[in-house]
Amino acid sequence: MAEKTFTVEEVRAGAPEIAPADLVEWVAEIANLTQPKDIYWADGSQEEWDTLTTQMVESGMFTRLNPEKRPNSFLARSLPSDVARVESRTFICSEKEEDAGPTNHWADPKEMKETLIGEKGVFRGAMAGRTMYVIPFSMGPLGGPISQLGIELTDSPYVVVNMRIMTRMGEGALQLIAEGKPWVPAVHSVGAPLAEGEADVTWPCNDEKYITHFPETNEIWSFGSGYGGNALLGKKCYALRIASTMARRDGWMAEHMLVLRLTDEKSGKQYHVTAAFPSACGKTNLAMLQPTIPGYKVETVGDDIAWMRPGPDGRLYAINPEAGFFGVAPGTSYDTNPMAMETMKANSIFTNVALTDDGDVWWEGIDGETPAHLIDWHGNDWTPESGEKAAHPNSRFTVPAAQCPIICEDWEAPQGVPIDAILFGGRRATNVPLVAEQYEGAHGVFIGASVASEVTAAATDVKAGSLRHDPFAMLPFCGYNMADYWGHWLEMQQELGENFPKVYQVNWFRKDEDGKFMWPGYGDNSRVLDWIVRRAAGEVEAIDGVTGRYPKFEDFNLDGLDIDEAKWAKLFEINPEAWAAEMDDTEEYFKQFGDKLPAAITEQLAKFRERIAAAK
Ligand code: SAT
Ligand code: MN
């Protein structure tokens, strides 16, 4: 096929008037590289959504759900080869390998650029036959002091409509870019060019995938996948990997954390809590928790990512940089997360869930009886006898955060909300107690650094169920050397001193000898939050233990639960041998960071060992 040329003048002619020259030039450059059939500038309007979703229904990429049951909502089915993030194809392309660190896949930026956009680069002609969409977006409220801008170029309309939910997308963001605010360029292609006259498939993608980040130049290039965090580049690629490197340079923090407000209804006092858990460990559930104990109200600020900066009063303030939730569908029900269920009643996109005969969605763990017939996530007939899952374990809903009935009235406050406590958790069947408070600040960082968790379905290329280290729940999301990131945390703690929130380690997933969960979880996690905020208010004491400070049985609200002192003790049981072995493993894990490992972390490991020895 003959190369098409996109002149700057032509691109300018199709662009909104306010689009600045550097943006227009860049769009022309990428168009010449990727050879789309045309260029479309997204404005984020309702009409645009209507047009795109209608087109996608016509092309077969979307199924419109029953408008009476799920108005303005759609189902997409991906290919089995494109159902989650691919960590093995995710690269940090820093100049120096040591700046990516041993837990990231590093690639030389020049070599990677050659692979991507060199003479034989995968992006050459990658958008042929497709429209290239220009998506201006803001992470965080438009114009806010913690917010950041970006432009994603993509050949996937699925990405456009998802980005409209997940970010502040369109005209408002472009206006800020036009005013000269800095922006991050992010290029995405599904990597499935169409030859002249070739019919499209419903989920175009490429078996070869590259999800690449250039932290020194703040660039993102993603090729070959249309799914989730691989393709919605504002999310993990920008708001975590690139933002974490920006945050380190500029003295703030980009974290894989939910943010919630807990209000003590008696005193009216508000607390704000962030919590880091690995992907698909129930962050959305905790963010929308319905307290089972009286006197508290939970409101959601964010369910996945927190950007935090010191405020004028020296406290740490957080915003949710996203505008929507991209949550795991299986297991979500009116029982486990009624607020999420309410949020997704309309204007939602579902990916890889099952379709009911009356045009609604279904997944394993949703309320009610299992239907006798479904269309599964592959698009095939399904019955309960088929023995397969009808929805993919990493199937997702994309929903506007504003539709959440308990969205916090300050969720879009540009300056953020002041954080009182930080939780680290994971899925741990053994060893890790229900809750433990840090000793000193460095111990809090040690808690985050030594988190290990059972692997979930959020990535395709890590073995589900196995235990892996996932420091700060940032293992796949830290854009630089993980040990430097711990160093940055220690520096932020130094800077804020007493104002830096205390860290708590939590574990809802401990099991007994029979393999049953010992803690009810979900709404009952409010009991843990209750103890944490009473600690913050200085109302209760704690007992020094091996992994941290524990609640006293008599201080902890267990009303209405079948947990006596013996069961309680089991939730906090410490097996010194198991912990000694775990610390050997942690030490081994830390070794890979060499000299970069902060001395404070080594000291904390030694202190931990002393506490284990004392417990023997
Ligand atoms: O990275 S995704 O946005 O696809 C989901 C996740 O890992 O939490
Ligand atoms: Mn996540």
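Predicted, not measured: the structure shown is a model, and the values here were computed from it.

Observations concerning the overall build of the protein chain
Okay, so step 1: The helix and strand inventory of the protein chain stands at 17 helices and 32 strands.
Okay, so step 2: At 24 Å, the protein chain has a C-alpha radius of gyration in line with the 25 Å of a compact globule built from 616 residues.
Okay, so step 3: Referenced to the eigenvectors of the C-alpha coordinate spread, the extents of the protein chain come out at roughly 75 × 55 × 45 Å.
Okay, so step 4: Counting only residues that meet the buried cut, the protein chain has 62% of its 616 residues in that class.
Okay, so step 5: Long-range pairs, those at least 24 residues apart, make up 73% of the contacts in the protein chain between residues at least 6 apart in sequence.
Okay, so step 6: Total accessible area on the protein chain stands at roughly 23200 Å², and carbon and sulfur atoms take up 49% of it.

Overview of the coordination of the manganese ion (ligand 2)
Okay, so step 1: Protein-derived ligands of the manganese ion (ligand 2) are Lys 236 (NZ), His 256 (NE2) and Asp 304 (OD), with the metal-ligand distances lying across 2.0 to 2.2 Å.
Okay, so step 2: Sequence spacing among the residues donating to the manganese ion (ligand 2) works out to K-x19-H-x47-D. With Lys 236 in helix α9 (residues 234-250) and Asp 304 in the loop between β15 (296-302) and β16 (306-310), this pair connects stretches of sequence that are 68 residues apart. One exposure class covers both Lys 236 and Asp 304, and it is buried.

Things to note about the packing of aromatic side chains
Okay, so step 1: Across all of its chains, the model carries 37 aromatic pairs by this definition.
Okay, so step 2: In this structure an aromatic cluster arises from ring pairing among Trp 49, Phe 62, Phe 74, Tyr 158, Trp 203, Tyr 227 and Phe 326.
Okay, so step 3: The aromatic ring of Phe 477 is capped on one face by Lys 236, whose charged end is 4.5 Å from the ring centroid.
Okay, so step 4: Looking at Arg 611, its charged tip hangs above the ring of Phe 608, at a distance of 5.3 Å from the centre.

So, the UniProt feature "domain: Phosphoenolpyruvate carboxykinase GTP-utilising N-terminal" (unreviewed entry) in the protein chain
Okay, so step 1: According to UniProt, the "domain: Phosphoenolpyruvate carboxykinase GTP-utilising N-terminal" (unreviewed entry) feature falls on residues 25-248.
Okay, so step 2: Helix makes up 33% of residues 25-248 and strand 22%, whereas the separation of the span's terminal C-alpha atoms amounts to 30 Å.

A short note on the site of ligand 1
Okay, so step 1: Contacts to ligand 1 come from Arg 85, Gly 228, Gly 229, Lys 235, Lys 236, Ser 279, Phe 326, Arg 396, Ala 458 and Phe 477.
Okay, so step 2: Interatomic distance of 2.7 Å between a side-chain N/O atom of Arg 85 and an oxygen atom of ligand 1.
Okay, so step 3: Between ligand 1 and Ser 279, the relevant distance is 2.8 Å, taken from an oxygen atom to a side-chain nitrogen or oxygen of the residue.
Okay, so step 4: Relative to its unbound accessible surface of 260 Å², ligand 1 loses 98% to contact with the protein.

So, a negative patch on the surface
Okay, so step 1: On the surface, Asp 43, Glu 47, Asp 50 and Glu 171 cluster together into a negatively charged patch.
Okay, so step 2: Examined against the element boundaries, Asp 50 turns out to sit in helix α3 (residues 46-59).

A look at unusual backbone geometry
Trans peptide bonds make up most of the peptide bonds, and negative phi angles are found at most residues other than glycine.
Okay, so step 1: Look at Gln 35: it is not a glycine, yet its phi comes out positive at around 60 degrees.
Okay, so step 2: Counting through the fold element by element, Gln 35 comes out in the loop between α2 (21-34) and β1 (38-41).
Okay, so step 3: We classify Gln 35 as buried; its relative accessible area is 10%.
Okay, so step 4: Phi angles above zero are rare outside glycine, and Asn 352 is one such case at about 65 degrees.
Okay, so step 5: Position of Asn 352 among the secondary structure elements: in the loop between β19 (349-351) and β20 (354-356).

Quick word on the state of the cysteines
Okay, so step 1: Under the defined criterion, the tally for this structure stands at zero disulfides.
Okay, so step 2: Among the cysteines around Cys 93, which has no disulfide bond, Cys 237 carries the closest sulfur, lying 11 Å off.
Okay, so step 3: Cys 478 supplies the cysteine sulfur nearest to Cys 281, a cysteine that is in no disulfide, at a spacing of 18 Å.

Here's the deal with the nonpolar core
Okay, so step 1: Counting 164 residues, the largest nonpolar core has Trp 307, Trp 363, Phe 424, Leu 434, Trp 486 and Trp 489 as the members making the most contacts within it.
Okay, so step 2: Excluding residues within four positions of it along the chain, Trp 489 makes contact with Met 253, Glu 255, Met 257, Ile 422, Phe 424, Val 445, Phe 472, Phe 500 and Val 503.
Okay, so step 3: Val 24, Leu 116, Ile 177 and Val 187 belong to the second largest nonpolar core, which has 37 residues in total.

Here is what the cut-offs are and how they apply
- Residues numbered from 1 in each chain as written.
- Chains lettered and ligands numbered in written order.
- Predicted model: local features only at pLDDT ≥ 70, side-chain atom pairs only at ≥ 80, totals over all residues.
- Heavy atoms only, no water.
- Helix = DSSP H or I, 4+ residues; strand = E, 2+ residues; numbered from the N terminus.
- Rg over C-alpha atoms; globule rule 2.2 N^0.38 Å.
- Buried < 20%, exposed > 50% of the residue type's maximum accessible area, 1.4 Å probe, protein only.
- Contact = heavy atoms within 4.5 Å.
- Areas by Shrake-Rupley, 256 points an atom, 1.4 Å probe, with all protein chains shown as cover.
- Donors = N, O, S within 2.8 Å, 3.2 Å for Na, K, Ca; no water.
- Phe/Tyr/Trp six-rings, centres within 6.5 Å; stacked < 30°, edge-to-face > 60°.
- Lys NZ or Arg CZ within 6 Å of the ring centre and 35° of its normal.
- UniProt positions renumbered as here; feature names shortened; annotations may be inferred.
- Near = heavy atom within 4 Å.
- Polar contact = N/O pair within 3.5 Å; in protein donor to acceptor, adjacent residues only side chain to side chain.
- Patch = residues over 30% accessible without salt bridge, like charges linked within 9 Å, V, L, I, M, F, W, Y side chains within 5 Å.
- Salt bridge = Lys/Arg side-chain N within 4 Å of Asp/Glu carboxyl O.
- Lys, Arg positive; Asp, Glu negative; His and termini not counted.
- Charge placed at Lys NZ, Arg CZ, Asp CG, Glu CD.
- Disulfide = S-S within 2.5 Å.
- Core = buried A, V, L, I, M, F, W, Y, C linked by side-chain atoms within 4.5 Å.

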